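Take a look at the letters that make up each chain.
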Amino acid sequence: MKILTTLLLFIPLLSMAQILSPADFHGYELGEKFTRHHQVVDYYTHISENSDKVTLQRYGSTYEGRPLLLAYVSSEENLDNLEIIRKDNLIRAGIESGTPTTNIPIIWLSYNVHGNESSSTEASMATIYELIRDGSDKSEWLDKVIIIIDPCINPDGRDRYVNFFWQYGSQQLNPDPNAMEHNETWPGGRPNHYLFDLNRDWAWLTQIETKSRMKVYNKWLPQIHVDFHEQGINSPYYFAPAAQPYHELITSFQRDFQTEIGRNHAKYFDQNNWFYFTKQRFDLLYPSYGDTYPTYNGAIGMTYEQAGHGRAGLGIIKQEGDTLTLKDRIDHHYTTGLSTIEVAVENADRLLNNFNKFFGDNSSLKYKTFVLKYDGNDDKFNGLKSWLDDHGITYGTASGKLKGFDYSSGKNTDFSIDSEDLVISTNQPKATLAHILFEPKTKLVDSVTYDITAWGVPYAYGIKAYASDQSISVTEIEKDKFQIVKPPEKAYAFISKWNSMDDARFLAALLKENIKVRFTERPMNYKGTSFERGSLVIARRDNKNRKEFERSIIKLANQFQRKLDVIQTGFMDSGPDIGSSDIRFLNKPKIAMLGYEGTSSLAFGAMWHFMEQELEYPVTILGTDYFNRVDLSNYNVLIMQSGWYSDFGEGEMKKIMEWVSAGGKLIAVEGALNKLKDTDYSSLSAYADDKDKNEAKEKKDERTMAARLVPYEEREREFIKGFAPGAIYEVKLDQTHPLAFGYGGTYYTLKTGSNRVAYLDGNNVGVIVDKDDLMSGFAGQYAQEDMAESLVFGVENKGRGQIVHIVDNPMFRSFWQNGKLLMVNAMFFVGQ
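Residue indices begin from 1 for each chain and proceed along its sequence in written order. Under the rules for a predicted model, residues below a pLDDT of 70 receive no local features and side-chain atom pairs below 80 are neither given nor counted, while totals for whole chains, interfaces and linings still include all residues. Values reported for side chains reflect all heavy atoms of the structure, with hydrogen atoms and water molecules removed beforehand.

The next subject is the sheet that holds strand 23 (residues 518-520). With antiparallel pairing, five strands are arranged side by side in an open sheet as 27-22-26-23-28. Single-partner strands in this sheet number two, and they are strand 27 (565-567) and strand 28 (583-585). Strand-to-strand twist in this sheet, taken as the mean axis angle between neighbours without regard to direction, amounts to 30 degrees. We call two residues in contact whenever any of their non-hydrogen atoms come within 4.5 Å of each other. Between N-to-C directions, angles span 0 to 180 degrees; the directions come from axes that are lines fitted to C-alpha atoms, helices contributing only their stretch in contact. Strands are runs of DSSP state E lasting at least 2 residues, helices are runs of H or I lasting at least 4, and numbering of each runs from the N terminus. Lying on the sheet, helix 15 (residues 501-512) is in contact with strand 22 (493-496) and strand 26 (536-539); it crosses strand 26 at an angle near 30 degrees. In this fold helix 16 (residues 549-559) packs onto strand 22 and strand 26, with an angle of close to 15 degrees to the strand it touches most, strand 22. Strand pairing follows a simple DSSP-based rule, namely that at least 2 bridges must link the two strands.

What follows is the structure, encoded as structure tokens:
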């Protein structure tokens, strides 16, 4: 036995004791009760302390402080050589140099990424016990493989669900679907603490659970990765092979080996007369899943889906009258887990050889070089570099001329590479992953997909870029170090640029320290230095009562690595002077946000996480269930993140609008706009005027008539003609408006639906001009036609206040980096 506290630290114990089964350890059979996370941790600790076949590692903690664990399961000899085996695997991937001396494949089993898909953590305990117990015929496998088990990726969400069930579950099994125990309350156990779907976060690394896990995952790069899930209660078990669309860069071996594993599963399911399905619903395209991300890193990445989800509890009656029990669900996941290991053991050499081939040949990649043009925004490029580092994607600089695809024009063109441009070559081990994340357009063999169809990183970061099929030599970049600055003896004011989230965090810190700040609405120049709209002005006059003014400002600037310009006069060489009315005083925002029933938990959670973990600025959460008792005069900004607000009637909306008219600022996002659309509260509408409305009705009637003749099996494809499941559009920005400060004239928005809004009777700050402004991803025929002349971001004045309309949520999954500053502008600048 060994306990692993860091990747390479082993602490041997002095003696071995009897290894207890989960039932003997917990005092109940698995499936009779739900096991809380601390009990799961206790069991894995027990196993690691009493078996020489298990090494336990705590690789991190959740936001709520729960431990994140990995169990390494193998023979004692393999565990003694764990570090050698790990390095050998990275040699095969081309990440480490040398020649492998071992031939041990790595299988990684991930359980309970969605907290209320709760059977898989229970199954993990049954699986690890079967692998190591005395007398098990599976123990001989451990000589041939390393098995890495993550018993619970999402402990916070799982305990939220398990605690719910312990609170409301019946003492005796109650399979009635109407029982409260089968109907979770908001937000449910699926997401993590910040209500993120961790199964969409593998590539974007926004959550602490993902960041912690990926540090370890990329040090191993397993040959097989399985992500255990649950789905609706009436669905049979799903296992690979996956559905179309497959990404075109998935190798034939990866496809075929999925099928081999699937056939092995089918053998056991057939023996037990269990229903299952393959090749439907769950595709392999979007790169941030627990099956696709491993696949794009050389693994056989697979999702296994068991019926159950948050409704099943300990047992529930299905549509055919059978009762699905927790024991059933555990048995199914237990079976596929062991079946996966069995196939891996039987095909160890094939797995290792094809893993090596995956990383050794990049000739099939369409693009050889991605060039991101430096625009002077160091913060943006540093953030991108840090993200690339986390994935092990290498980059550098180059010089010369290439021909390639221009992300902004959508055409091939000649371009030059400058010394400060960021260059990513696909001549590297992580070539496939880099190619998929950066490719401007993803090939779709089937438009019916499970998720978004566009994610191009240059669009998400707002960086001009080119993709070329030509190769170029890349030189590694030396990372700059921030130089600590000493405070000047005296300053009339400090000026700080405004074009990044790092600037936003600095502003938030200033305001939290009660330092008074202004910002410029017009460009200005001082001693040859230009300051664009939004630049922050921190004047001694505004902060005259603050002791050691210069020292306190520079201390914060150094903390946030901001380079401030010191000015000794209010007289600018051009543009407004410091005392001008164009240099607006920034009243400190007191921000509230609606949450709970009626709001989208994912949208709410993304904004909550953004405020607390990224911007680090206080926000007060107001529950929709008691909102009518809240005194809104305590706040000057109210955020309505996307949702349905089904219980928000005329009284609640009237209360909000009276507050707006009195000087409040409402920021309404995506679905929340439906509470304003076609009402007296706002000019927001799907139609520009009555003529536009009548034409839209005629068009809709024509489409409805055409749909009546569509064959039954084609109904889903007919539906998606009006849908845009994650497509990227070019947006024209009014960069003179405070909502767009820090941006240029163009923004790229990610549309995740078909919601169309006509231009406002107000400030149309960001608009889609033409239906051909689709840059990447799939949008149905009707959706494309309807998108022309539509609003993306806008501001209306109402009395002494404002309504900020945000049609496409820039907080979606928190990976659309270029949209975050816009949200800060909405909270801090608009209406000042």
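A few words now on helix 12 (residues 378-391). In a helix, the anticipated span is given by 1.5 Å times the number of residues less one. Between its first and last C-alpha, helix 12 extends 20 Å over 14 residues, near the 20 Å set by a 1.5 Å rise per residue. Each residue gets one of three labels from its accessible area relative to the maximum for its type: buried under 20%, exposed over 50%, partly exposed in between, using a 1.4 Å probe on protein chains only. The set of residues buried in helix 12 consists of D379, K380, F381, L384, K385, W387, L388 and H391. Check the buried side of helix 12 and you find it contacts helix 9 (292-295), strand 15 (369-372), strand 19 (422-425), helix 13 (431-438), helix 14 (457-461) and helix 15. Downstream of helix 12 by one or two residues, G392 has phi in the positive range, about 75 degrees.

The next thing to look at is the pairing of strand 22. Alternating positions in strand 22 separate into two faces, A493 and I495 on one and F494 and S496 on the other, with burial throughout. The pairing of strand 22 with strand 26 spans four bridges and is antiparallel. In the sheet register, A493 faces strand 26, and the bridge partner there is A539.

Our next topic: the side chain of K380. Summarising the element assignment, K380 is placed in helix 12. Think of it this way: Lys and Arg go in the positive column, Asp and Glu in the negative one, and His and the chain ends go nowhere. When a carboxyl oxygen of Asp or Glu lies within 4 Å of a side-chain nitrogen of Lys or Arg, that pair is called a salt bridge. Buried charge without a salt bridge: K380, with D375 as the nearest opposite-charge side chain at an N-O distance of 4.0 Å. Residues within four places of K380 in sequence aside, it is in contact with D375, Y461, G462, I463 and N818.

Considering the arrangement of structural elements, one finds T369 in strand 15. Residue class for T369 comes out buried when judged on its relative accessible area of 0%. Linking T369 and S471, residues 102 residues apart in sequence, is a C-alpha distance of 5.9 Å. Excluding residues within four positions of it along the chain, T369 makes contact with L402, V423, I424, Y466, A467, S468, Q470, S471 and I472. Within the structure, T369 has its side chain in polar contact with the backbone oxygen of Q470 (distance 2.7 Å). Any N or O atom pair separated by 3.5 Å or less is treated as a polar contact, with the protein-specific requirement of one donor-capable and one acceptor-capable atom, and with residues adjacent in sequence counted only for side-chain atom pairs.

For the rest of this paragraph, the subject is the side chain of N362. Structurally, N362 is set in the loop between helix 11 (348-360) and strand 15. Taking the relative accessible area as the measure of exposure, N362 reaches 16% and is therefore buried. Among the polar contacts made by the side chain of N362, one reaches the main-chain carbonyl oxygen of Q428 at a distance of 3.4 Å. Discounting residues that sit within four places of it in the chain, N362 has contacts with K368, T426, N427, Q428 and A431.

On to the packing of helix 5 (residues 119-132) against helix 10 (residues 326-346). Viewed as axis vectors pointing N to C, helix 5 and helix 10 meet at an angle of 50 degrees, and their least axial separation amounts to 8 Å. By the angle class used here, helix 5 and helix 10 are oblique. Once helix 5 is placed against helix 10, the crossing between them reads as right-handed. Contact residues: helix 5 offers S119, S120, E122, A123, A126, T127, E130 and L131, while helix 10 offers L326, R329, I330, H333, Y334, L338 and I341. Each residue belonging to the contact of helix 5 with helix 10 can be placed in one class, and the counts come to eight nonpolar, four polar and three charged. With respect to orientation, any angle under 35 degrees is reported as roughly parallel, any angle over 145 as roughly antiparallel, any angle of 65 to 115 as roughly perpendicular, and every other angle as oblique. Note: crossing handedness is left-handed where the near helix turns anticlockwise from the far helix by less than a right angle, and right-handed where it turns clockwise. By the convention adopted, Pro, Cys, Tyr, Trp, Phe, Met, Ile, Leu, Val and Ala count as nonpolar, Lys, Arg, Asp and Glu as charged, and the other residues, Gly among them, as polar.

Right, let's get into the pairing of strand 38 (residues 801-806). The buried count for strand 38 comes to six of six residues, which makes it a mostly enclosed element. Alternating residues of strand 38 divide into G801, I803 and H805 and Q802, V804 and I806, and every residue in both groups is buried. Bridging between strand 32 (residues 665-669) and strand 38 involves five bridges; their strand directions are parallel. Within strand 38, the residue paired with I667 across the bridge is V804.

Nothing here speaks to function; it is all geometry.
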